[in-house]
Amino acid sequence: MKTLDNIALALTIVGGLNWLTVGLFEFDFVAFILGGRTMLLAKIVYVLVGLSALYCLKFFGNINRRNVNR
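Keep in mind it's a predicted model, so treat the numbers as computed, not measured. (Residues numbered from 1 in each chain as written. Predicted model: local features only at pLDDT ≥ 70, side-chain atom pairs only at ≥ 80, totals over all residues. Heavy atoms only, no water.)

A. Spatial organisation of the pattern of salt bridges. One pass over the structure, following the stated rule, counts two salt bridges. Notably, a salt bridge pairs R37 with D28, separated by 2.9 Å at the nearest N-O pair. (Salt bridge = Lys/Arg side-chain N within 4 Å of Asp/Glu carboxyl O.)

Below, the structure is given as structure tokens:
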């Protein structure tokens, strides 16, 4: 599970940084690297980032559980 947690966290960070560049500079880095938003590989990355974000929601439970045990 720890490996999956790390992969999900890394993909979520990539997605967040991509949205930062979109918001600040109107530049979609993922689309630039992978040939455009409509390319299959770019769509796969977008889906994986979204799934990773959903998976990372489980970390809220872990954070709250740690704070209760203190």
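B. A look at the side chain of D5. When you line up the elements, D5 lands in helix α1 (residues 2–25). You can call D5 buried: its relative accessible area is 16%. Here K58 takes part through its side chain, which lies 3.4 Å from a polar atom of the side chain of D5. Those residues in contact with D5, other than ones at most four positions away along the chain, are Y55, K58 and F59. (Helix = DSSP H or I, 4+ residues; strand = E, 2+ residues; numbered from the N terminus. Buried < 20%, exposed > 50% of the residue type's maximum accessible area, 1.4 Å probe, protein only. Polar contact = N/O pair within 3.5 Å; in protein donor to acceptor, adjacent residues only side chain to side chain. Contact = heavy atoms within 4.5 Å.)

C. The arrangement of the UniProt feature "transmembrane region" (unreviewed entry) in the protein chain in detail. Here the UniProt feature "transmembrane region" (unreviewed entry) sits at residues 7–34 and 40–60. In this annotation, residues 7–34 is assigned 89% helix and 0% strand; the end-to-end C-alpha distance for the span is 19 Å. When the span residues 40–60 is considered, its composition is 95% helix and 0% strand, and the gap between its end C-alpha atoms is 32 Å. (UniProt positions renumbered as here; feature names shortened; annotations may be inferred.)

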